[in-house]
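Secondary and tertiary structure notes
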Amino acid sequence: MIKYIIRRILWFIPVLLAIITATFLLAHSIPGGPFDFAGEKQLPESVRQNLMRKYRLDKPVYVQLGLWIWDVLRFDFGPSYYSRGQTVNDILRRTFPISAQLGVLSLILALLIGIPMGTIAAVKQNTLVDYSATFIAILGVSIPNMVLGPLLIWVFSVHLGWFPAARWGVDYTQLYLGIFPPMTHKFWAHAFLPMVTLGTAYSASIARLTRASLLQVIREDYMRTAMAKGLHGFRVIVVHGLRNSLIPVATVLGPMFAGIVTGSLIVERIFGIPGMGRYFVDSITNRDYPVIMGVTLVYSVLLVAGNLLVDLSYAWLDPRIRYD
Amino acid sequence: MKGARIGLLIVAVMGLLLWPALGQEKVVLHYNLGTEPPTADPALAEDTTSVNIIEQMFMGLTDLAEDDYSPIPELATSWEVNEDATEFIFHLRNDVHWVHCDPATGEVTKLDRLVTAYDVEYGVLRTLDPRSGSYYAAVLLIIEGAAEFNSADPEAENFLELRDAVGVEALDEWTIKFTLRAPAAYFLQIASMWVARPQPQWVIEEHGEQWIEPGNIVTNGPYCMKEWVHEDHMVMVKNPYWPDWDKVDGNIDEIYFTMVQEASTAFAMYLNNELDVGPVPLPEMDRVKADPVLSKELTIRPIPCTYYYGFITTKPPVDDPRVRRALSMAIDRVTLVEEVTKGGQIPANTFAPEMIFGSAAGDTSIAPWALPEEMGGWGYERAVEEARRLMAEAGYPDGEGLELLLMHNVSEGHARIAQAIQAMWLEVFPKASIRIETQEWKVYLTTLKPDTPIENQPHIYRLGWCMDYPDQNNWVHEVFNPEEGSNWVRMSFDDPYVGEAIRRFSELTIQAQMTRDPAERQALYREAERLLVDEIAAIAPIYYYTEVVLTKPWLSRRWHEINHYETWVLDMEAKMAARGG
Amino acid sequence: MFRGKKPKKARSRGPFRDAFHQLLKHRAAVVAGLYILLMIIFALFADTSIISLPFGKEVRPLIALQHYAKTSFRNRDLPPGTPGYPLGTDYLGRDIWSRTVYGTRVSLSVAFVAATVSLLIGLTYGVISGFARPAIDNIMMRFVDFLYGFPLLIFIILLQAYFKAVSRAGATGFMGLLTQLDRAMGGLFFVFLALGMLNWIGMARLARGQTLSVKQKEYIEAARALGASNLRIVFRHILPNIIGPCIVAETLAIPGYILTEAFLSFIGLGVTPPTPSWGLMISDTYQAIRVYPWECLIPGAALTLTTLAFNFLGDGLRDALDPRLRGT
């Protein structure tokens with residue numbers, strides 16, 4: 001097991017290098033450089049040259065890549081080209097905790113709703129309960145965030161006045177250890193609507209997957225045995241079945257985790273949350289190479305780590321799977 | 001007796017000192033910037049959000065008057081201009097202090113430094129310094145030696161010489177002189193811009209690019225920065241040492257800026273009383289106008305920007321001015337602004353809008369087809385008739401054989417307009433084939449650059465232009481002059497159809513630059529506009545922008561080109577009552 | 001000799017005919033299937049292009065009432081039920097019914113192509129990876145990690161920038177073909193490409209996880225002991241056992257594809273306007289949800305119904321394909 005983990009962690013290195021290299025090369029080959037235009041004006045060539053020199057962009061791409069990797073090894077992600085005076089470290093330190101808070105809360109909410117809902121639907125297969133659960137789940141998946149978010153704001157904030165319309169309850173200067181928010185009333189008031197918006201879609205996917213997979217497990221021999229022994233109902237399913245049926249759920253959870261924690265662009269934008277999500281698009285449209293690389297790296301590391309956790313969780317969920 | 005009087009005096013002084021703390025609540029304005037300002041550095045700003053922030057913190061040599069954008073005194077109390085408008089001497093006031101704001105307490109301290117002509121000189125030179133990499137240094141290149149310095153190699157031996165040769169010089173602490181390389185009557189307006197503001201050399205040298213962060217930054221305007229949590233909010237507090245508080249009637253002690261991008265969210269925040277000023281999302285427009293409360297809080301006012309479609313004038317079939325004019329005529333601008341953009345925009349028949357010096361907006365002798373009959377124009381029906389005739393004359397009856405590519409950058413608003421105009425064109429020229437293509441902004445600009453091979457370019461592109469300074473030189477000359485401007489429409493003197501007109505257009509805008517007499521310049525620019533929009537028809541101006549804002553009843557504000565919060569008055573009691581209830 | 005009835009034939013129906021038979025028993029799945037069929041008909045016969053294009057005749061709307069780009073400024077934002085506009089009009093006065101019908105084309109083809117591609121590639125890749133030796137499995141999964149972590153948005157912007165530049169320059173050969181294809185699909189080619197690249201990797205991971213779990217089961221060992229070949233084990237024992245969750249995941253992913261298309265539209269990289277797709281219609285009008293709710297809710301309803309249909313169909317399929325469910 002330990003050997004397996006070490007081997008997997010060693011595998012991170014080539015994977016990350018490949019991602020970094022490919023991203024770096026592609027980002028640099030999009031037409032239009034970071035300093036070509038100011039608004040609609042073209043910068044004078046000499047000024048552009050100076051800026052290029054200042055940010056080492058005059059060097060060959062592979063040299064830039066090498067220098068960048070060298071800096072990253074010393075945890076220096078470089079300066080932002082667009083928000084001049086800020087470094088990528090500043091940006092990540094500021095935005096990642098916020099996105100992570102939103103993401104983790106939404107994911108917990110999604111699991112808390114999704115797994116019970118899926119279980120009930122499976123137990124009551126082909127009944128009205130099942131159909132309604134299915135229907136609600138599908139509604140949840142197919143309502144886009146950009147519709148649900150404004151609707152929630154409209155109903156719960158403008159009409160009922162229960163929650164503030166937008167923004168996040170804390171800013172990065174108020175976090176414990178730079179990541180944990182204070183559990184204040186204000187924090188939850190701001191977190192609730194975006195959490196629900198983001199969590200709904202995920203809970204729906206989780207519910208559907210749980211149902212499908214549980215239905216399959218229920219028909220397994222050991223479950224039949226358990227039922228034949230006279231064990232019935234929920235207990236059997238939860239104790240014996242659910243754990244095994246969570247494999248497909250765990251599989252999607254890995255990438256879901258990375259995606260949700262690095263921020264949902266749409267939810268963050270609609271609720272005016274200063275998270276990381278927008279940088280996935282804005283850094284590209286600004287040709288802010290160091291920021292592109294920074295957010296890509298964070299995302300990739302989370303993803304690879306998430307997938308490792310998922311693979312490890314297989315062994316826990318289904319003891320018959322062994323790693324050697 | 002004497003003791004009692006002193007005692008009374010002490011009580012009175014204490015009372016005065018304590019009065020603000022005891023009696024009144026702080027007056028706080030909640031304003032949404034809509035986006036994180038990319039910078040607060042006057043040398044680097046290029047966008048309206050940053051400029052809005054900078055305007056509060058740094059005083060300009062001149063300011064633009066609220067109504068006609070004419071230059072009025074700000075940091076400079078008076079100025080002298082020589083005969084041919086190449087030398088400008090500004091006399092500065094001597095009562096403006098640099099101040100620093102404590103980020104923890106919000107307390108403003110007066111530094112033992114006054115803002116002097118040397119600070120302005122440093123500011124101008126820092127903007128021009130190639131090492132700063134200022135995007136907007138270009139507007140200062142009219143200064144003698146500025147272009148040479150701005151494009152110098154910082155490692156070159158003569159770098160410092162070039163720096164000294166720039167035509168900006170502080171003659172003494174309160175006098176600064178600019179020498180220009182060519183006459184430019186509009187330099188007084190340029191002097192109001194953020195690129196020519198005083199900058200605190202000692203702070204910049206100490207903190208480098210981080211000098212604009214709260215705690216580091218040292219400013220001199222009516223407000224100073226207390227807090228800037230990037231992308232979340234910024235807090236500015238009143239600078240009590242700003243000398244002109246007795247000349248304005250504003251009462252705002254603190255401004256809380258938010259940075260919510262999504263218009264519909266900001267609108268919801270406005271309705272929730274979380275904002276004092278709010279936007280109107282496009283789809284809500286009809287409803288807001290019909291709403292008895294909101295319609296009273298709504299203000300629509302023109303701003304100095306123009307939305308236009310440009311033609312690549314050397315790319316067939318739009319190389320034929322008849323085709324270009326026919327296309328321009330077939331745009332139903334009135335319907336477009338009423339039914340699609342809905343923000344009270346004004347149909348445009350010229351490039352520069354009304355408030356720009358030298359503008360001919362609304363002049364019915366220029367492109368009258370663009371104007372409705374009540375504005376003295378042709379009206380759409382007559383324009384369509386003429387458009388059909390011209391198109392047939394050019395060899396494309398009903399648009400037969402006409403294949404056009406219309407390109408715009410990715411944005412929902414542009415997409416709506418493009419689809420509407422495409423539909424209008426197809427209505428008038430039913431047999432034409434008109435495709436729309438969208439590109440991501442920087443790719444789009446790369447495509448439009450004049451050195452892109454013409455086969456990679458569209459026939460028609462969309463762009464907008466907003467003023468840097470309110471003079472036609474910033475418009476027809478800088479944007480379209482074939483020799484000295486950007487000229488993305490690719491006008492050329494060899495044009496087989498209108499080469500002569502293009503040559504005249506070029507001469508006119510250059511001549512106008514050199515002319516001092518306002519009436520004469522006005523006439524030159526009018527003719528240049530006529531050539532550009534009507535005879536050459538290199539662009540189809542579509543509308544002049546407006547600003548659409550909602551303002552809460554407890555806020556009475558003024559309408560400067562850039563917000564002057566020091567002139568706004570907010571009834572805090574009414575605001576608190578609304579927020580509480 | 002037997003008299004009377006012939007004996008029932010032993011079960012000799014092929015597995016797929018069998019599955020089909022099972023599927024028909026599932027009432028919800030049948031309804032869902034019919035609905036999807038209807039959608040396909042909508043997509044094909046939105047206008048007469050299929051019938052008349054080969055003969056060079058004029059294309060006219062058929063199921064749609066108008067061409068999707070037919071604009072009428074005076075009739076913008078009309079509510080459903082207005083004469084001539086059964087489902088109302090949008091912000092440019094275009095008939096929403098017609099646009100929704102035309103939108104079926106784009107949205108369904110996005111969904112179908114993406115689902116098929118991702119199922120085929122993902123399943124193959126995942127089963128091989130799960131079934132193969134750990135060393136190979138490891139390498140294959142690292143490649144998946146690579147694709148996952150790779151920011152596809154950059155890739156899409158790049159592709160759009162390059163292909164469009166190339167297409168304007170009048171490309172020939174393979175590139176010319178691609179640009180023709182892209183133009184014919186209203187700029188959708190890149191959406192397909194993006195979705196294809198995005199989604200098979202998820203499926204691959206799922207299939208691998210399932211394979212890993214099934215691989216350890218007694219009946220596989222039994223089959224192996226009986227001398228079954230790898231190929232036989234995969235097709236007879238593994239695939240039938242893992243296909244259920246995979247199909248369910250895929251049907252579940254279909255709204256995801258349509259929504260991804262909406263997301264791409266949201267950031268401006270989706271279909272080229274005025275070509276309609278449900279995703280574009282939603283992301284175009286979500287801001288109007290309070291004022292003109294139908295503009296956003298009608299394509300939204302189409303999306304939800306289609307999703308629902310795919311789900312019930314998926315459920316039915318799973319039941320039908322699961323060998324242990326026979327006869328229950």
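Residues numbered from 1 in each chain as written. Chains lettered and ligands numbered in written order. Predicted model: local features only at pLDDT ≥ 70, side-chain atom pairs only at ≥ 80, totals over all residues.

**A few points about the overall build of chain C**
Scanning chain C from terminus to terminus reveals 12 helices and 0 strands. Reading chain C from its N terminus to its C terminus gives the helix and strand order α-α-α-α-α-α-α-α-α-α-α-α. By the burial criterion, 50% of the 328 residues in chain C qualify as buried. Considering only contacts within chain C whose residues lie at least 6 apart along the sequence, 67% involve residues at least 24 apart. (Helix = DSSP H or I, 4+ residues; strand = E, 2+ residues; numbered from the N terminus. Buried ≥ 20, exposed ≤ 12 C-beta atoms within 10 Å, placed from the backbone. Contact = placed C-beta atoms within 7 Å.)

**Points about the overall build of chain A**
For chain A, the helix and strand inventory stands at 13 helices and 2 strands. With the C-alpha coordinates aligned to their principal axes, the bounding extent of chain A is approximately 85 × 60 × 35 Å. The buried share among the 324 residues of chain A stands at 51%. Taking all contacts inside chain A whose residues are at least 6 apart in sequence as the whole, residues at least 24 apart take part in 72%.

**A look at the nonpolar core**
In a soluble, globular protein the nonpolar side chains are often hidden away together inside. In this structure, Leu140, Leu532, Ile536 and Ile539 of chain B are the most contacted members of the largest nonpolar core, which totals 342 residues. Ranked by residue count, the leading element in this core is helix α4 (residues 88-123) of chain A, at 16 residues. With sequence-adjacent residues up to four places away left out, Ile539 of chain B is seen in contact with Tyr308, Tyr309, Gly310, Phe311, Phe351, Val489, Leu532 and Val533 of chain B. (Core = buried A, V, L, I, M, F, W, Y, C linked by C-beta atoms within 7 Å.)

**Considering the interface of chain C and chain B**
If you look at the interface, chain C gives 21 residues, while chain B gives 25 residues. Counting residues per element, the side of chain C that touches chain B draws most heavily on helix α6 (residues 152-168) of chain C, at 5 residues. Here the residues of the side of chain C that touches chain B are counted per class, giving 13 nonpolar, 4 polar and 4 charged. (Nonpolar A, V, L, I, M, F, W, Y, C, P; charged D, E, K, R; others polar.)

**Looking at the interface of chain C and chain A**
Taken residue by residue, the interface counts 46 residues in chain C and 49 residues in chain A. The element that contributes the greatest number of residues to the side of chain C that touches chain A is helix α10 (residues 230-266) of chain C, accounting for 9 residues.

**A short note on the sheet that holds strand β9 (residues 175-179) of chain B**
Think of a sheet as strands paired side by side through backbone hydrogen bonds, with each pair either parallel or antiparallel. Residue and element names in this part refer to chain B. Read from one edge of the open sheet, 4 strands run β4-β5-β9-β8, paired in antiparallel fashion. Unpaired on one side and paired on the other, β4 (76-81) and β8 (168-172) mark the two borders of the sheet. Along the sheet, successive strands turn relative to each other by an average axial angle of 20 degrees, direction set aside. As judged from the 5 bridges shared by strand β5 (residues 87-92) and β9, these two strands associate in the antiparallel manner. (Pairing = 2+ DSSP bridges. Axes fitted to C-alpha atoms, helices over the stretch in contact; angles between N-to-C directions.)

**A short note on the confidence of the model for chain C**
Residues and elements named next belong to chain C. In this model, chain C carries a mean pLDDT of 78, and residues with pLDDT of at least 70 account for 77%. Least confident of the elements in chain C is α6, whose mean pLDDT is 63; most confident is helix α2 (residues 27-44), at 88. Both scores are available for the predicted complex, with the pTM at 0.86 and the ipTM at 0.86. (pLDDT = per-residue confidence, 0-100.)

**Description of the packing of helix α4 (residues 96-131) of chain C against helix α11 (residues 278-285) of chain C**
Residues and elements named next belong to chain C. Following both chains from N to C, one finds α4 and α11 inclined at 120 degrees, their axes separated by 7 Å at the closest point. Relative to α11, the element α4 is oriented oblique. In this structure, α4 uses Arg99, Gly103 and Ser107 to contact α11, whose residues at the interface are Trp278, Gly279 and Met281. Its residues assigned to classes, the contact of α4 with α11 comprises 2 nonpolar, 3 polar and 1 charged. (Parallel < 35°, antiparallel > 145°, perpendicular 65-115°, else oblique.)

**As for the environment of Pro154 of chain B**
Here Pro154 of chain B lies in the loop between α4 (146-150) and α5 (159-165). Sequence separation of Pro154 of chain B and Pro130 of chain B is 24 residues, and the distance between their C-alpha atoms is 7.1 Å. Apart from residues lying up to four places away in sequence, Pro154 of chain B is in contact with Asn50 of chain A together with Pro130, Arg131 and Phe159 of chain B.

**Focus: the environment of Leu242 of chain A**
Residues and elements named next belong to chain A. In this fold, Leu242 is placed in helix α9 (residues 233-245). What makes Leu242 buried here is the crowd of 22 C-beta atoms within 10 Å. Taking the C-alpha atoms as reference, Leu242 lies 9.1 Å from Leu317; in sequence the two are 75 residues apart. Residues within four places of Leu242 in sequence aside, it is in contact with Thr119, Leu214 and Ile237.

**Considering the sheet that holds strand β10 (residues 218-219) of chain B**
All names here are of chain B. The strand order β7-β6-β10 describes an open sheet built from 3 strands, whose pairing is antiparallel. The open sheet has two edge strands with one neighbour each: β7 (108-114) and β10. Sheet topology note: the strand β6 (residues 97-101)/β7 ladder contains 4 bridges and is antiparallel. Bridge pairing in β7 places His97 opposite Leu114.

**A few points about the pairing of strand β15 (residues 298-311) of chain B**
All names here are of chain B. Two strands pair when backbone bridges link them, and β15 and strand β20 (residues 539-551) are joined in this way by 10 bridges, in the antiparallel orientation. Counterpart to Thr306 in the pairing with β20 is Tyr544. With 7 bridges joining them, β15 and strand β19 (residues 460-466) adopt antiparallel strand pairing. Across the sheet, residue Tyr309 finds its bridge partner in β19, namely Arg462.

**Considering the pairing of β8 of chain B**
Residues and elements named next belong to chain B. Bridge analysis of β8 against β9 gives 4 bridges, and the strand direction is antiparallel. Bridge pairing in β9 links Val168 to Phe178. Between β8 and β9, which pair antiparallel in sequence order, lie 2 residues.

**A word on the confidence of the model for chain A**
Looking at chain A, the pLDDT average stands at 83 and 93% of residues meet or exceed 70. For chain A, helix α8 (residues 221-228) of chain A is the element with the lowest average pLDDT, namely 67, and helix α3 (residues 61-73) of chain A is the one with the highest, namely 91.

**Overview of the packing of helix α6 (residues 145-159) of chain A against helix α7 (residues 185-218) of chain A**
All names here are of chain A. One can describe the packing of α6 onto α7 by two numbers: an axis separation of 10 Å at closest approach and a directional angle of 145 degrees. By crossing handedness, the relation of α6 to α7 is classed as right-handed. Each of Asn145, Leu148, Gly149, Leu152, Ile153, Phe156 and Ser157 in α6 lies in contact with α7, whose residues at this interface are Leu193, Val196, Thr197, Leu198, Thr200 and Ala201. Residues of the contact of α6 with α7, tallied by class, amount to 8 nonpolar, 5 polar and no charged. (Left-handed = near helix turned anticlockwise from the far one by under 90°.)

**Let's talk about helix α3 (residues 117-128) of chain B**
All names here are of chain B. Over its 12 residues, α3 runs 17 Å from end to end, which matches the ideal 16 Å to within 8%, given 1.5 Å per residue. Along α3, the residues classified as buried are Ala117, Asp119, Val120, Glu121, Gly123, Val124, Leu125, Arg126, Thr127 and Leu128. Taken together, the buried residues of α3 touch β5, α4, α5, β8 and β9. (Expected span 1.5 Å × (residues − 1).)

**Quick notes on unusual backbone geometry**
Look at the link from Pro316 of chain B to Pro317 of chain B: it is a cis peptide, with omega at 0 degrees. Within the fold, Pro317 of chain B resides in the loop between β15 and α11 (321-329). In the Ramachandran plot, Arg287 of chain A falls in the positive-phi region, its phi being about 55 degrees despite a non-glycine side chain. Tracing the backbone through its elements, the reader meets Arg287 of chain A in the loop between α12 (277-285) and α13 (289-317). Residue Ala537 of chain B is not a glycine yet carries a positive backbone phi of 55 degrees. Relative to the elements of secondary structure, Ala537 of chain B occurs in the loop between α18 (518-535) and β20.

**Things to note about the environment of Trp79 of chain B**
Residue and element names in this part refer to chain B. As for its position among the elements, Trp79 is in strand β4. Sequence separation between Trp79 and Thr62 is 17 residues, and the spatial gap between their C-alpha atoms is 9.7 Å. When neighbours within four sequence positions are excluded, Trp79 is seen to be in contact with Phe88, Ile89, Phe90 and His91.

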